[in-house]
Amino acid sequence: MNRPTPVSPPAMDADTDAEVAIDLEGLLRRLHLPTIRRLLPEYATLAAQEGWSHRDFLARLIAEEVANRNNTRIQKSARRARFPSLKTIEDFDFTYQTSLKRQALGPFLDPDFVAQGRNLILLGPSGTGKTHLCCAIAYRAIQHGHHARFVRACDLIDDLASASKDGRLREATATYLEPPVLIIDEVGYLHHADTAANVLYGLVDARHQQRRPILFTTNKPPTVWGDVLHDHQLAEAILDRVLERGSLIELRGRSYRTKHHRGATTDG
Ligand SMILES: Nc1ncnc2c1ncn2[C@@H]1O[C@H](COP(=O)(O)OP(=O)(O)OP(=O)(O)O)[C@@H](O)[C@H]1O
Ligand SMILES: [Mg+2]
């Protein structure tokens, strides 16, 4: 078997150490390995003190570089998603929101969620955790290596409706077609434009064809989406596509926002 040829350090004086002659810092910078560069002195000391093997030393440094790179990617992707605030599934108190079992969200938190093209409609009154859960699902997808995008239904519809007027609907739709996970928040909260169903149908149909998940939050049951979107047939076509590979989950109970107010809610 051929032995690999060691990299020879540049010519040096007899009393110069080879470690000094190779510009390791420079090489790590050139290879874009900032974490290894930062940790090298500390890990070299630890390795000597604790007697790590060469393989162990190298493996630990590379593992740190990979972990750091992954964290940076997650942070960047979460910023790009434009979540109103960063929420995770671990932050969600299922003992407060008892109308939903964590297991019911299992398929949406799974690494295969994006590949399976699952959709979700979270329906319920204010403060029951709809936006929190959608953001947490999308954040988990980001941790699994995907991108996501959050948009309020009124902003999305306004954007698409004005693009449609200017003959730019295709480009505007492409913006919302591109992210592997799209959250459309607050369907039916504000009065939507008359063309809401038309522009939303185009986006939902395109994402459906590409099996790209959409997570909706709404306080209006699907039976009235026809009124909300001003077109019963198109609303039905939208829901048909969404629910083909999707679930409707209804959240009940009191608002988490006002949980400290005893008797502050109208239902008791
Ligand atoms: N079960 C819960 N555990 C922890 N935090 C919760 C829970 N439910 C809601 N929250 C928190 O309460 C606040 C309101 O929740 P969220 O925005 O998800 O409500 P929502 O159902 O989207 O309400 P709205 O319909 O008014 O938009 C958020 O800060 C959210 O993190
Ligand atoms: Mg909300």
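Residues numbered from 1 in each chain as written. Chains lettered and ligands numbered in written order. Predicted model: local features only at pLDDT ≥ 70, side-chain atom pairs only at ≥ 80, totals over all residues.

### Some remarks on the overall build of the chain
The number of helices and strands found in the chain is 12 helices and five strands. A total of 268 residues make up the chain; the buried ones form 28% of that total. Within the chain, contacts between residues at least 6 apart in sequence are counted, and of these 80% link residues at least 24 apart. (Helix = DSSP H or I, 4+ residues; strand = E, 2+ residues; numbered from the N terminus. Buried ≥ 20, exposed ≤ 12 C-beta atoms within 10 Å, placed from the backbone. Contact = placed C-beta atoms within 7 Å.)

### Re the site of ligand 1
Near ligand 1, the surroundings consist of 18 residues, among which D93, G129, T131, H132 and Y256 are the closest. When residues of the shell around ligand 1 are assigned to their parent elements, the largest contribution, three residues, is made by helix α7 (residues 130–143). Taken together, the residues of the shell around ligand 1 sort by class into three nonpolar, 10 polar and five charged. (Near = placed C-beta within 6 Å. Nonpolar A, V, L, I, M, F, W, Y, C, P; charged D, E, K, R; others polar.)

### Regarding the pairing of strand β4 (residues 214–218)
The side chains of a regular strand alternate, first on one face of the sheet and then on the other. Taking burial as the measure, the five residues of β4 include five buried ones, the bulk of the element. Both strand β1 (residues 119–123) and β4 contribute to a ladder of four bridges, which runs parallel. Bridge pairing in β4 places I121 opposite F216. (Pairing = 2+ DSSP bridges.)

### A few points about unusual backbone geometry
The backbone phi angle of H32 is positive, close to 55°, even though this residue is not glycine. Considering the arrangement of structural elements, one finds H32 in the loop between α2 (24–30) and α3 (34–50). C-beta crowding within 10 Å serves as the criterion here: with 10 such atoms nearby, H32 is assigned to the exposed category. Of note in this structure, E186 is not a glycine but carries a positive phi near 65°. What makes E186 partly exposed here is the crowd of 19 C-beta atoms within 10 Å.

### Focus on the environment of G129
With respect to the helices and strands, the residue G129 is situated in the loop between β1 and α7. By C-beta crowding, G129 is classed as buried, having 23 other C-beta atoms within 10 Å. Note: C-alpha distance between G129 and D93 (36 residues apart in sequence) is 9.4 Å. The contacts of G129, once residues within four sequence positions are left out, are F92, Q97, L251 and Y256.

### Here's the deal with the environment of P84
Considering the arrangement of structural elements, one finds P84 in the loop between α4 (54–81) and α5 (106–109). On the basis of neighbour count, P84 is assigned to the exposed category, with 12 C-beta atoms found within 10 Å. Discounting chain neighbours no more than four positions away, the residues touching P84 are T131 and F150.

### Points about the packing of α4 against α7
A pair of packed helices can be characterised by two numbers: the angle between their axes and the separation between those axes. Orientation of α4 relative to α7, taken along the N-to-C sense of each, is 140°, at an axis distance of 9 Å. α7 is crossed by α4, and the crossing has right-handed handedness. Between α4 and α7, the residues in contact are I74, S77, A78 and A81 and A138, Y139, I142 and Q143, respectively. For the contact of α4 with α7, the residue count by class is six nonpolar, two polar and no charged. (Axes fitted to C-alpha atoms, helices over the stretch in contact; angles between N-to-C directions. Left-handed = near helix turned anticlockwise from the far one by under 90°.)

### Observations regarding α4
For α4, spanning 28 residues, the distance from its first C-alpha to its last is 41 Å, which sits close to the expected 40 Å at 1.5 Å a residue. Taken as a whole, α4 has its buried residues at L61, E65 and A81. Buried residues in α4 make contact with α3, α7 and β2 (148–152). Of the residues trailing α4, R82 is marked for its positive phi of about 60°. (Expected span 1.5 Å × (residues − 1).)

### Observations regarding the sheet that holds strand β5 (residues 246–250)
Taken in spatial order, the five strands make up an open sheet running β2-β3-β4-β1-β5, and their pairing is parallel. Across the chains shown, the open sheet's two edge strands, defined by having one partner strand only, are β2 and β5. Sheet twist, expressed as the average angle between the axes of neighbouring strands with direction ignored, equals 15°. Pairing geometry for β1 and β5, over five bridges, is parallel. Bridge pairing links L122 to I249 in β5.

### Things to note about the pairing of strand β3 (residues 181–187)
Within β3, six of the seven residues are buried, which leaves the element mostly enclosed by the surrounding structure. Strand direction decides the pairing type here: β2 and β3, joined by five bridges, are parallel. When the sheet's bridge partners are listed, V151 is paired in β3 with I184. With four bridges connecting them, β3 and β4 associate as parallel partners. The partner of L182 across the bridge, within β4, is I214.

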